[in-house]
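# Summary of structural features
So the chains spell out like this:
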Amino acid sequence: METLVLWALLLVCQNAAFTWVGRARASGSYGYHAIAAVFSNGIFFVTNLFVIKMVVLDGMTFEKLLHLGIIYVIATTTGSVLMHYITMNYFEKGNRKVGATNDKS
């Protein structure tokens, strides 16, 4: 049970970081995009370690797969929507704002 809770929390963070990197890519800041990408890819790697443990090492049944799928969808949707709100209201200022350019002209 502890593994599932930790995995769900990491999934929230994973999709939050994925949403963040998507919005950062649309901004005018390379540094902002780089920071978001490190978080996105790092958390993605760690969540996959959990999947390997739960699916490959612990064995899989249809019921367990369905349970993991429900947790995955709820956690990743929560992370995505939450990060969209956070980035729009707290992170995106100046050239970090979506649609801003890094033009020096």
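Check the entry above for the structure.
Here is a short report on the structure shown in this document. (Residues numbered from 1 in each chain as written. Predicted model: local features only at pLDDT ≥ 70, side-chain atom pairs only at ≥ 80, totals over all residues. Heavy atoms only, no water.)

## Examining the nonpolar core
Leu 4, Trp 7, Ala 8, Leu 10, Leu 11, Val 12, Phe 50, Met 54, Leu 68, Ile 71 and Ala 75 together form the largest nonpolar core, which totals eleven residues. Taken together, the elements giving at least two residues each to this core come down to helix H1 (2-25), helix H2 (30-57) and helix H3 (62-91). The element best represented in this core is H1, accounting for six residues. In this structure, Ala 75 is in contact with Ala 8, Leu 11 and Val 12, ignoring residues within four places of it in sequence. (Core = buried A, V, L, I, M, F, W, Y, C linked by side-chain atoms within 4.5 Å. Buried < 20%, exposed > 50% of the residue type's maximum accessible area, 1.4 Å probe, protein only. Helix = DSSP H or I, 4+ residues; strand = E, 2+ residues; numbered from the N terminus. Contact = heavy atoms within 4.5 Å.)

## Some thoughts on the side chain of Thr 87
Relative to the assigned elements, Thr 87 resides in helix H3. Side-chain polar atoms of Thr 87 contact the side chain of Arg 23, separated by 3.2 Å. Thr 87 has contacts with Trp 20, Arg 23, Tyr 32 and Glu 92, leaving out every residue within four places of it along the chain. (Polar contact = N/O pair within 3.5 Å; in protein donor to acceptor, adjacent residues only side chain to side chain.)

## Section: the packing of H1 against H3
With their axes 7 Å apart at the nearest point, H1 and H3 run at an angle of 45 degrees to one another. Considered as vectors, H1 and H3 are oriented oblique to each other. At the point where H1 passes H3, the crossing takes the right-handed sense. Taken together, the residues of the contact of H1 with H3 sort by class into 14 nonpolar, ten polar and one charged. (Axes fitted to C-alpha atoms, helices over the stretch in contact; angles between N-to-C directions. Parallel < 35°, antiparallel > 145°, perpendicular 65-115°, else oblique. Left-handed = near helix turned anticlockwise from the far one by under 90°. Nonpolar A, V, L, I, M, F, W, Y, C, P; charged D, E, K, R; others polar.)

## Focus: the side chain of Ser 27
Checked against the element boundaries, Ser 27 lands in the loop between H1 and H2. Judged by relative accessible area, which is 12%, Ser 27 ranks as buried. Of the polar contacts made by the side chain of Ser 27, one reaches the backbone nitrogen of Ser 29; its length is 3.2 Å. Not counting residues within four places of it along the chain, the set of residues in contact with Ser 27 comprises Tyr 32, Asn 95, Arg 96, Lys 97, Val 98, Gly 99 and Ala 100.

## Some words on the packing of aromatic side chains
Applying the stated criterion to the full structure yields five aromatic pairs. When the ring of Trp 20 is compared with that of Tyr 32, the centres are 6.1 Å apart and the planes differ by 65 degrees; the resulting orientation is edge-to-face. With Trp 20 in helix H1 and Tyr 32 in helix H2, this pair connects stretches of sequence that are twelve residues apart. With centroids separated by 6.4 Å and ring planes inclined at 70 degrees, the aromatic side chains of Tyr 85 and Tyr 90 adopt a geometry described as edge-to-face. (Phe/Tyr/Trp six-rings, centres within 6.5 Å; stacked < 30°, edge-to-face > 60°.)

## Points about a nonpolar patch on the surface
Taken together, Phe 45, Val 46, Leu 49, Ile 52, Val 56 and Leu 57 make up a surface patch of nonpolar side chains, about 600 Å² in accessible area. As for its position among the elements, Val 46 is in helix H2. Given the relative accessible area of 32%, Val 46 is considered partly exposed. (Patch = residues over 30% accessible without salt bridge, like charges linked within 9 Å, V, L, I, M, F, W, Y side chains within 5 Å. Areas by Shrake-Rupley, 256 points an atom, 1.4 Å probe, with all protein chains shown as cover. Salt bridge = Lys/Arg side-chain N within 4 Å of Asp/Glu carboxyl O.)

Any functional reading would require information beyond the geometric quantities listed.
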